[in-house]
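Read off the chains here:
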Amino acid sequence: MRCRFCAAPGVNGLELCEPCAAELPWLDAQCRQCALPLTDTGEERLCGGCLRHPPPFRHVRAPFRYCHPIDALLKALKYGGDLAAARCLGDLLADYLHRRGVAVPDAVIPVPLHPQRLRQRGFNQALELARRLDAPLAPQIVRRSRATAAQTGLDRSERRSNTRGAFQVTTRHVPAHVAVIDDVLTTGATVTELTKTLRRAGAERVEIWVMARTPQLDR
Ligand SMILES: [Zn+2]
Ligand SMILES: [Zn+2]
(Lines give C-alpha, C1' and ligand atoms only; values in the text may rest on other atoms or scores of the structure.)
(Ligands and ions follow the chains in the order given, each with its own letter.)
Protein backbone atom coordinates (compact mmCIF):
# COMPACT_ATOMS: atom_id res chain seq x y z
CA MET A 1 0.00 0.00 0.00
CA ARG A 2 1.51 3.32 -1.13
CA CYS A 3 0.62 6.80 0.10
CA ARG A 4 -1.77 8.42 -2.32
CA PHE A 5 -0.15 11.82 -1.95
CA CYS A 6 3.60 11.11 -1.96
CA ALA A 7 3.99 7.40 -2.86
CA ALA A 8 5.88 6.60 0.36
CA PRO A 9 4.86 3.32 2.06
CA GLY A 10 1.45 3.62 3.72
CA VAL A 11 0.80 2.85 7.39
CA ASN A 12 -1.98 0.80 9.05
CA GLY A 13 -3.05 -0.63 5.72
CA LEU A 14 -4.02 2.84 4.47
CA GLU A 15 -2.99 4.56 1.24
CA LEU A 16 -1.46 7.21 3.45
CA CYS A 17 1.91 7.77 5.13
CA GLU A 18 2.34 9.31 8.58
CA PRO A 19 3.68 12.74 7.48
CA CYS A 20 0.86 13.16 4.94
CA ALA A 21 -1.74 11.99 7.50
CA ALA A 22 -0.56 14.69 9.89
CA GLU A 23 -1.07 17.30 7.15
CA LEU A 24 -4.71 16.37 6.47
CA PRO A 25 -7.40 18.87 7.55
CA TRP A 26 -8.59 16.91 10.59
CA LEU A 27 -11.72 18.38 12.14
CA ASP A 28 -10.69 18.94 15.76
CA ALA A 29 -12.92 21.35 17.68
CA GLN A 30 -16.49 20.62 16.67
CA CYS A 31 -20.08 20.66 17.91
CA ARG A 32 -20.71 17.31 19.56
CA GLN A 33 -24.02 16.91 17.77
CA CYS A 34 -23.68 18.36 14.25
CA ALA A 35 -19.84 18.47 13.99
CA LEU A 36 -19.88 22.15 13.07
CA PRO A 37 -16.26 23.33 13.18
CA LEU A 38 -15.82 25.50 16.27
CA THR A 39 -12.96 27.84 17.03
CA ASP A 40 -12.16 26.86 20.61
CA THR A 41 -10.77 23.46 21.49
CA GLY A 42 -12.47 23.26 24.90
CA GLU A 43 -14.50 20.29 26.07
CA GLU A 44 -17.23 18.89 23.83
CA ARG A 45 -19.99 21.40 23.41
CA LEU A 46 -23.04 22.20 21.32
CA CYS A 47 -23.13 24.96 18.71
CA GLY A 48 -25.78 27.69 18.90
CA GLY A 49 -27.78 26.09 16.09
CA CYS A 50 -28.08 22.76 17.90
CA LEU A 51 -29.05 24.52 21.14
CA ARG A 52 -31.83 26.48 19.38
CA HIS A 53 -33.09 23.78 17.01
CA PRO A 54 -31.84 20.32 18.01
CA PRO A 55 -31.39 18.26 14.84
CA PRO A 56 -33.20 14.89 14.61
CA PHE A 57 -29.94 12.92 14.31
CA ARG A 58 -27.87 11.97 17.36
CA HIS A 59 -24.38 12.76 16.10
CA VAL A 60 -22.47 13.67 13.00
CA ARG A 61 -19.14 11.87 12.65
CA ALA A 62 -16.83 13.72 10.26
CA PRO A 63 -13.07 13.18 10.25
CA PHE A 64 -12.24 16.18 8.09
CA ARG A 65 -12.98 19.78 7.27
CA TYR A 66 -13.95 20.15 3.62
CA CYS A 67 -10.70 21.55 2.26
CA HIS A 68 -7.49 20.55 0.50
CA PRO A 69 -6.69 17.73 -0.26
CA ILE A 70 -9.87 16.01 0.97
CA ASP A 71 -12.11 18.20 -1.23
CA ALA A 72 -10.04 17.23 -4.30
CA LEU A 73 -10.32 13.52 -3.47
CA LEU A 74 -14.08 13.81 -3.00
CA LYS A 75 -14.46 15.65 -6.32
CA ALA A 76 -12.27 13.06 -8.07
CA LEU A 77 -14.64 10.41 -6.76
CA LYS A 78 -17.94 12.15 -7.38
CA TYR A 79 -17.28 13.84 -10.72
CA GLY A 80 -14.27 11.93 -12.03
CA GLY A 81 -15.43 8.41 -11.19
CA ASP A 82 -12.17 7.78 -9.30
CA LEU A 83 -13.19 4.71 -7.31
CA ALA A 84 -9.66 4.34 -5.91
CA ALA A 85 -10.36 7.64 -4.11
CA ALA A 86 -13.44 6.00 -2.55
CA ARG A 87 -11.27 3.17 -1.23
CA CYS A 88 -8.74 5.58 0.25
CA LEU A 89 -11.42 7.83 1.80
CA GLY A 90 -13.60 4.95 2.99
CA ASP A 91 -10.61 3.33 4.70
CA LEU A 92 -9.80 6.64 6.41
CA LEU A 93 -13.38 6.88 7.66
CA ALA A 94 -13.34 3.28 8.89
CA ASP A 95 -10.07 3.90 10.71
CA TYR A 96 -11.42 7.12 12.24
CA LEU A 97 -14.63 5.46 13.50
CA HIS A 98 -12.64 2.57 14.91
CA ARG A 99 -10.17 4.82 16.74
CA ARG A 100 -13.05 6.82 18.22
CA GLY A 101 -14.72 3.65 19.50
CA VAL A 102 -17.92 4.47 17.59
CA ALA A 103 -20.46 1.66 18.10
CA VAL A 104 -21.32 -0.41 15.02
CA PRO A 105 -24.95 0.33 14.06
CA ASP A 106 -27.54 -2.23 13.01
CA ALA A 107 -27.42 -0.86 9.47
CA VAL A 108 -25.40 1.60 7.41
CA ILE A 109 -27.56 3.42 4.87
CA PRO A 110 -25.90 5.41 2.07
CA VAL A 111 -27.88 8.53 1.08
CA PRO A 112 -29.61 7.25 -2.05
CA LEU A 113 -29.34 8.98 -5.40
CA HIS A 114 -32.37 9.43 -7.60
CA PRO A 115 -32.35 6.60 -10.21
CA GLN A 116 -31.84 9.12 -13.01
CA ARG A 117 -28.77 10.61 -11.27
CA LEU A 118 -27.47 7.12 -10.58
CA ARG A 119 -27.73 6.26 -14.27
CA GLN A 120 -25.83 9.40 -15.24
CA ARG A 121 -23.04 8.90 -12.70
CA GLY A 122 -22.91 5.12 -12.81
CA PHE A 123 -22.36 4.73 -9.08
CA ASN A 124 -23.42 6.20 -5.75
CA GLN A 125 -20.41 7.81 -4.06
CA ALA A 126 -21.94 7.32 -0.59
CA LEU A 127 -22.36 3.59 -1.26
CA GLU A 128 -18.76 3.31 -2.50
CA LEU A 129 -17.53 4.88 0.77
CA ALA A 130 -19.83 2.67 2.85
CA ARG A 131 -18.46 -0.51 1.23
CA ARG A 132 -15.13 0.07 3.02
CA LEU A 133 -16.70 0.05 6.49
CA ASP A 134 -16.88 -3.00 8.67
CA ALA A 135 -20.62 -2.63 9.36
CA PRO A 136 -23.83 -4.14 7.91
CA LEU A 137 -24.72 -2.29 4.73
CA ALA A 138 -28.41 -1.83 3.91
CA PRO A 139 -28.77 0.46 0.88
CA GLN A 140 -32.16 -1.02 0.01
CA ILE A 141 -33.95 0.35 3.09
CA VAL A 142 -34.62 3.73 1.58
CA ARG A 143 -34.94 5.19 -1.89
CA ARG A 144 -35.13 8.67 -3.30
CA SER A 145 -38.71 9.06 -4.43
CA ARG A 146 -38.21 12.28 -6.32
CA ALA A 147 -35.35 14.21 -7.82
CA THR A 148 -34.25 17.30 -5.91
CA ALA A 149 -32.67 20.41 -7.37
CA ALA A 150 -29.10 21.23 -6.35
CA GLN A 151 -29.14 22.95 -2.95
CA THR A 152 -26.65 25.60 -4.06
CA GLY A 153 -28.13 29.08 -4.10
CA LEU A 154 -31.29 28.11 -2.21
CA ASP A 155 -32.15 29.76 1.08
CA ARG A 156 -33.04 27.79 4.17
CA SER A 157 -36.78 27.44 3.56
CA GLU A 158 -36.22 26.66 -0.13
CA ARG A 159 -33.81 23.90 0.84
CA ARG A 160 -36.37 22.47 3.21
CA SER A 161 -39.14 22.35 0.66
CA ASN A 162 -36.66 21.06 -1.90
CA THR A 163 -35.91 17.99 0.21
CA ARG A 164 -39.29 17.44 1.87
CA GLY A 165 -40.72 14.04 0.95
CA ALA A 166 -37.62 13.20 -1.10
CA PHE A 167 -37.13 9.79 0.53
CA GLN A 168 -39.24 6.72 0.95
CA VAL A 169 -38.63 3.75 3.22
CA THR A 170 -39.07 0.51 1.30
CA THR A 171 -39.19 -2.01 4.14
CA ARG A 172 -41.58 -2.70 7.00
CA HIS A 173 -38.76 -3.05 9.48
CA VAL A 174 -36.20 -0.29 9.99
CA PRO A 175 -33.47 -1.28 12.50
CA ALA A 176 -33.28 0.65 15.78
CA HIS A 177 -29.78 2.07 15.32
CA VAL A 178 -28.76 3.25 11.87
CA ALA A 179 -25.92 5.30 10.44
CA VAL A 180 -26.59 7.35 7.33
CA ILE A 181 -23.50 7.87 5.22
CA ASP A 182 -22.80 10.64 2.73
CA ASP A 183 -19.71 12.21 1.19
CA VAL A 184 -19.97 15.79 2.48
CA LEU A 185 -22.22 17.52 4.97
CA THR A 186 -23.03 21.06 3.91
CA THR A 187 -26.39 22.54 4.88
CA GLY A 188 -27.67 19.34 6.45
CA ALA A 189 -31.04 19.66 4.70
CA THR A 190 -30.73 16.27 2.98
CA VAL A 191 -29.63 14.24 6.01
CA THR A 192 -32.15 16.03 8.24
CA GLU A 193 -34.99 15.02 5.91
CA LEU A 194 -33.65 11.46 5.59
CA THR A 195 -33.30 11.18 9.38
CA LYS A 196 -36.89 12.34 9.88
CA THR A 197 -38.08 9.78 7.34
CA LEU A 198 -36.17 6.95 9.06
CA ARG A 199 -37.38 7.96 12.50
CA ARG A 200 -41.00 8.09 11.38
CA ALA A 201 -40.46 4.53 10.09
CA GLY A 202 -39.20 3.33 13.47
CA ALA A 203 -35.47 4.06 13.71
CA GLU A 204 -34.70 5.12 17.29
CA ARG A 205 -31.19 6.38 16.85
CA VAL A 206 -29.78 7.86 13.66
CA GLU A 207 -26.19 9.00 13.24
CA ILE A 208 -24.68 10.73 10.25
CA TRP A 209 -21.27 9.64 8.98
CA VAL A 210 -19.57 11.83 6.38
CA MET A 211 -16.03 12.31 5.14
CA ALA A 212 -16.02 16.06 5.50
CA ARG A 213 -17.91 18.94 7.03
CA THR A 214 -18.28 22.45 5.66
CA PRO A 215 -18.64 25.33 8.12
CA GLN A 216 -22.36 26.04 7.65
CA LEU A 217 -25.46 24.13 8.71
CA ASP A 218 -29.06 25.21 8.97
CA ARG A 219 -32.27 23.47 9.76
ZN1 LIG B 1 2.58 10.55 2.01
ZN1 LIG C 1 -24.24 21.77 16.26
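Residues numbered from 1 in each chain as written. Chains lettered and ligands numbered in written order. Predicted model: local features only at pLDDT ≥ 70, side-chain atom pairs only at ≥ 80, totals over all residues. Heavy atoms only, no water.

**Examining the pairing of strand S3 (residues 107–110)**
- Alternating positions in S3 separate into two faces, Ala107 and Ile109 on one and Val108 and Pro110 on the other, with burial throughout.
- When S3 meets strand S6 (residues 177–185), the two strands line up parallel, connected through four bridges. Across the sheet, residue Val108 finds its bridge partner in S6, namely Ala179. (Buried < 20%, exposed > 50% of the residue type's maximum accessible area, 1.4 Å probe, protein only. Helix = DSSP H or I, 4+ residues; strand = E, 2+ residues; numbered from the N terminus. Pairing = 2+ DSSP bridges.)

**Here's the deal with the UniProt feature "domain: Phosphoribosyltransferase" (unreviewed entry) in the protein**
- According to UniProt, the positions carrying the feature "domain: Phosphoribosyltransferase" (unreviewed entry) are residues 121–215.
- This span, residues 121–215, is 28% helix and 25% strand, and a straight line between its end C-alpha atoms measures 27 Å. (UniProt positions renumbered as here; feature names shortened; annotations may be inferred.)

**Quick notes on the nonpolar core**
- With 33 residues, the main nonpolar core has Leu16, Leu92 and Met211 as its most contacted residues.
- Mapped by element, the contributors of at least two residues to this core are helix H1 (18–23), helix H3 (70–80), helix H4 (83–99), helix H6 (125–130), S6 and strand S7 (205–213).
- A per-element tally of this core places H4 first, with eight residues.
- Beyond its immediate chain neighbours, meaning those up to four positions away, Leu92 contacts Leu14, Leu16, Leu24, Phe64 and Met211.
- Ala29, Leu36, Leu194 and Leu198 belong to the second largest nonpolar core, which has 32 residues in total. (Core = buried A, V, L, I, M, F, W, Y, C linked by side-chain atoms within 4.5 Å. Contact = heavy atoms within 4.5 Å.)

**Digging into the coordination of the zinc ion (ligand 1)**
- Protein coordination at the zinc ion (ligand 1): the donors are Cys3 (SG), Cys6 (SG), Cys17 (SG) and Cys20 (SG), at 2.3 Å from the metal.
- Relative to the metal, the four donor atoms surrounding the zinc ion (ligand 1) lie at angles of 102 to 117°, and the coordination shape comes out tetrahedral.
- Looking at Cys6, the relative accessible area reads 41%, which means it is partly exposed. (Donors = N, O, S within 2.8 Å, 3.2 Å for Na, K, Ca; no water. Tetrahedral: all angles 85-135°; square planar, octahedral: opposite > 155°, others 65-115°.)

**Focus: the pattern of salt bridges**
- This model, assessed by the stated rule, comprises seven salt bridges.
- Measuring nitrogen to oxygen at the nearest pair gives 2.8 Å for the salt bridge that ties Arg4 to Asp82. Here Asp82 lies in the loop between H3 and H4 and Arg4 lies in the segment before H1, a separation of 78 residues in the sequence.
- Across the pair Glu207 and Arg205 runs a salt bridge, and its minimum N-O distance is 2.9 Å.
- Residue class for Arg205 comes out partly exposed when judged on its relative accessible area of 25%.
- Taken together, the shared-partner salt bridges connect Arg61, Arg205 and Glu207 into one network. (Salt bridge = Lys/Arg side-chain N within 4 Å of Asp/Glu carboxyl O.)

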